[in-house]
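Structural description and commentary
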There are 2 protein chains.
Amino acid sequence: MTNMRLIFLGTSSATPTAERGLSSIAIARGGELILFDAGEGMQRNFIKAGLGMNRKMKVFVTHMHADHCVGILGLLQTMSLQGRQADLDIYGEPRLAEFLHENMRIINFGLTFKVNVHAIRSEGLVAKERDYQILCCRANHSVLAYSYCLEEFDRPGIFDIKRAKEMGIPEGQLYSSLQTGKDITYNGKIIRSSDVVGPPRPGRKIGISGDTRPTDSLIAFFRNCDLLVFESTYGHDKQAKAIETGHSTAYEAALLARQASVKKLLLTHFSARYEETSELVKEAQAVHNNVEAAEDLSVVEVPYPQ
Amino acid sequence: MTNMRLIFLGTSSATPTAERGLSSIAIARGGELILFDAGEGMQRNFIKAGLGMNRKMKVFVTHMHADHCVGILGLLQTMSLQGRQADLDIYGEPRLAEFLHENMRIINFGLTFKVNVHAIRSEGLVAKERDYQILCCRANHSVLAYSYCLEEFDRPGIFDIKRAKEMGIPEGQLYSSLQTGKDITYNGKIIRSSDVVGPPRPGRKIGISGDTRPTDSLIAFFRNCDLLVFESTYGHDKQAKAIETGHSTAYEAALLARQASVKKLLLTHFSARYEETSELVKEAQAVHNNVEAAEDLSVVEVPYPQ
């Protein structure tokens, strides 16, 4: 069991408002923090949320508009002031590397840790850990942009202790072998892992759209997400504006989520014109039965699929 | 009469807190806005204060630490989204020019207006308008840093209408000539401007320290300021830390203000360790009789000297 929760650090599009900061989403997974975008000023909500400047951390940038990437600079400075020592891994299109290298050259951050910048040059696997991976897919925005998925690998099936005891297997190393899928020999008898361990249990899948129009590739990419965070800059009466600027409406986000069989949809990246978002949620709920609107600092637990 | 007020857009040092954003000070003078520093996220308070994205505006940067300059990037983006048309003039040490040019090259701001970057290469005059000028002086910080003064030119003296009428001078063009210091001939008689116009009235002088240790040059530079905004990162028990990091204590700020015969001192740029600043103000008041602590969005009217 690894706890996973998603924390919205900024939910406004383009321009911050009194209530909403610029784009940033944090996934706290076990001891690690995985950030998607870092709009200007996101460190304020980062600090408010008490996420911790010194933990294992990766940052994925969807695209190089200022409201999605400029906040990394302030984060680097504050991390250094707090004496961060762990490496920081940052991923994005090649211009992100240029942005970071130029600014680290010009501004004296007094970095106390190593920044590893990873330039993404193609779709697919971006980062891989022991029990999850991050994938990217081209989005459809006014500049080169990526959507991301966090996919956990399957967890081992449930170990049937009762049955193992009935079979007379002693606790300890043999249990452990069976649990990790290995067949064993005990008292001259072959015991298969599958005799005492249930089928592998699927991990969780979370999608992050960044700024984009809905596309068929994204329907495929986000298929079966337990949780999908999709931009909904506009209400559907502003669809023409959404098309013109490379964004989505709440209705379009929900339609894509339904087509991709997404379990839960979170709307974010609202135009500053919307003081509140209930109309947008209503438009989305017309086509998807599990929709919520993100607010700054709202926290969403991500349970394992049933 | 030109109205002038100072608005604090960020009063925290280095790291933002729940209550304080990163360094930025606005002077609204007549129809113009003059900014000193633009720390990350300052546009949020800029928007809250309703200062207007499209007015005549200059930005002066004290030094190239991220918490003093990164906010310009977000400001450029929001101004563009709002369709600003007027040029924007930005002043700072040569690396500021590099910072802006590189970021404008890498990030697609979709600028709707012209950005004029002015590299400061020596102390003295930085910008001059019809009725005021901006001067700079080297500060003493961990990197190249400047302090600034806004100095209004003298205003014409008070025109004594009663006396002018007694002398039989008709209203109109002759009044205007006398008011602007010209002597006139009326009915064959020479009338001197000084007969009906009082002595020139001094304009206002405002000082902005940026990040610095107190120095003798700054005492001279800030002499007779009507208003001085001086950094006071620490209480005096942290003087060693202030010396080490190139900052000032509240007590040191007040001592400099007294030595420079400053009328009113505003403390700002507080370390995030201070949840409230009354102790710092108390330390400063021990040596200066007119001290206040700045808060985010506090507004200070700047009256003409008596």
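The rules behind the values
Residues numbered from 1 in each chain as written. Chains lettered and ligands numbered in written order. Predicted model: local features only at pLDDT ≥ 70, side-chain atom pairs only at ≥ 80, totals over all residues. Heavy atoms only, no water. Helix = DSSP H or I, 4+ residues; strand = E, 2+ residues; numbered from the N terminus. Buried < 20%, exposed > 50% of the residue type's maximum accessible area, 1.4 Å probe, protein only. Lys, Arg positive; Asp, Glu negative; His and termini not counted. Charge placed at Lys NZ, Arg CZ, Asp CG, Glu CD. Contact = heavy atoms within 4.5 Å. Buried area = accessible area lost by both parts, 1.4 Å probe. Salt bridge = Lys/Arg side-chain N within 4 Å of Asp/Glu carboxyl O. Polar contact = N/O pair within 3.5 Å; in protein donor to acceptor, adjacent residues only side chain to side chain. Phe/Tyr/Trp six-rings, centres within 6.5 Å; stacked < 30°, edge-to-face > 60°. Lys NZ or Arg CZ within 6 Å of the ring centre and 35° of its normal. Domains from an automatic or database assignment. Least-squares fit on C-alpha atoms with pLDDT ≥ 70 in both. Pairing = 2+ DSSP bridges. Axes fitted to C-alpha atoms, helices over the stretch in contact; angles between N-to-C directions.

1. Re the overall build of chain A
- Along its length, chain A carries 11 helices and 16 strands.
- Residue burial in chain A is summarised as follows: out of 306 residues, 57% are buried.
- Taking the average place of the 35 positive charges on the side chains of chain A and the average place of its 36 negative ones, the gap between the two points comes to 6 Å.

2. As for the interface of chain A and chain B
- Facing the 40 residues of chain A at the interface are 41 residues of chain B.
- Summed over both partners, the interface of chain A with chain B comes to about 2900 Å²; 54% of that surface belongs to carbon and sulfur atoms.
- The largest contributions to the chain A side of the interface with chain B come from Glu40, Arg44 and Ile106 of chain A, which together make up 22% of the buried area.
- A salt bridge links arginine 105 of chain B to glutamate 98 of chain A; the nearest nitrogen and oxygen atoms lie 2.7 Å apart.
- At the junction of chain A and chain B, the tally comes to 19 residue pairs in polar contact (both at pLDDT 80 or more).
- At the level of secondary structure, the elements contributing two or more residues to the side of chain A that touches chain B comprise α1 (42-48), α2 (66-69), α3 (71-81) and α4 (94-106) of chain A.
- In terms of residues, the side of chain A that touches chain B owes the most to one element, α4 of chain A, which gives seven residues.

3. Here's the deal with the packing of aromatic side chains
- Per the stated rule, a full pass over the model turns up 14 aromatic pairs over all chains.
- When the centroid spacing of 5.8 Å and the interplanar angle of 50° are considered together, the rings of phenylalanine 36 of chain B and tyrosine 148 of chain B count as tilted. Taken together, the positions of phenylalanine 36 of chain B in strand β3 (residues 32-36) and tyrosine 148 of chain B in strand β9 (residues 146-152) put the pair 112 residues apart, joining distant regions of the chain.
- On the basis of relative accessibility, which here comes to 0%, the residue tyrosine 148 of chain B falls in the buried class.
- Ring centres of phenylalanine 159 of chain B and tyrosine 175 of chain B lie 4.9 Å apart, and the angle between their planes is 55°; this geometry places the pair in the tilted category. Note that phenylalanine 159 of chain B is positioned in the loop between β9 and α5 (161-166) and tyrosine 175 of chain B in helix α6 (residues 173-179), a separation of 16 residues in sequence. Here the two residues phenylalanine 159 of chain B and tyrosine 175 of chain B agree in accessibility, since each one is buried.
- One aromatic cluster is present, formed by Phe36, Phe60, Tyr91 and Tyr148 of chain A through successive ring pairs.
- Seen from the ring of tyrosine 304 of chain A, arginine 155 of chain A lies directly overhead, with NZ or CZ sitting 3.5 Å from the centre.
- Here the basic side chain of arginine 84 of chain B rests over the ring of phenylalanine 113 of chain B, its NZ or CZ set 5.6 Å away from the ring centre.

4. As for unusual backbone geometry
- Even without glycine at this site, serine 261 of chain A takes up a positive phi of about 55°.
- Relative to the elements of secondary structure, serine 261 of chain A occurs in the loop between α10 (250-259) and β14 (264-268).
- You will see that leucine 297 of chain B, though not glycine, has its phi angle at about 75°, which is positive.
- By the element assignment, leucine 297 of chain B lies in the loop between β15 (291-293) and β16 (299-301).
- The partly exposed category is assigned to leucine 297 of chain B, whose relative accessible area is 32%.

5. A word on the domain arrangement of chain A
- Parsing chain A into structural domains produces domain 1 (4-155 + 201-301) and domain 2 (161-195).
- Using only C-alpha atoms to locate each centre, domain 1 of chain A and domain 2 of chain A end up separated by 44 Å.

6. Quick notes on the relation of the copies chain A and chain B
- With an RMSD of 0.0 Å, chain A superimposes on chain B once it is rotated by 180° and translated 0.0 Å along the axis. Expressed as a symmetry operation, the mapping of one chain copy onto the other fits a two-fold axis. Using C-alpha coordinates, one finds that chain A approaches the rotation axis most closely at glycine 41 of chain A, a distance of 2.3 Å.
- Comparing interface residues between copies, 100% of those in chain A also sit at the interface in chain B, which points to an isologous, same-surface contact.

7. Brief notes about the pattern of salt bridges
- Applying the stated criterion across every chain yields a total of 36 salt bridges over all chains.
- In this structure, arginine 105 of chain B and glutamate 102 of chain B form a salt bridge, with 2.6 Å as the shortest nitrogen-oxygen distance. Of the two residues, arginine 105 of chain B and glutamate 102 of chain B both sit in helix α4 (residues 94-106), three residues apart, roughly one turn of that helix.
- Of the residues examined, arginine 105 of chain B reaches a relative accessible area of 47% and is grouped as partly exposed.
- Glutamate 102 of chain B sits in the buried class, given a relative accessible area of 18%.
- Here aspartate 131 of chain B and arginine 130 of chain B are joined by a salt bridge, their closest N and O atoms 3.4 Å apart.
- For arginine 130 of chain B, a relative accessible area of 74% translates into the label exposed.
- Three or more residues are tied together by salt bridges with common partners; here these are Arg29, Arg130, Asp131, Glu152 and Arg204 of chain A.

8. Thoughts on the sheet that holds strand β7 (residues 124-128) of chain B
All names here are of chain B.
- Here seven strands make up an open sheet; going across it, the order is β7-β8-β9-β12-β13-β14-β15 and the pairing mixed. Edge positions in the sheet fall to β7 and β15, since each has one partner strand and no second. With direction set aside, neighbouring strand axes in the sheet form an average angle of 20°.
- Direction of pairing for strand β14 (residues 264-268) relative to β15: parallel, over a ladder of three bridges.

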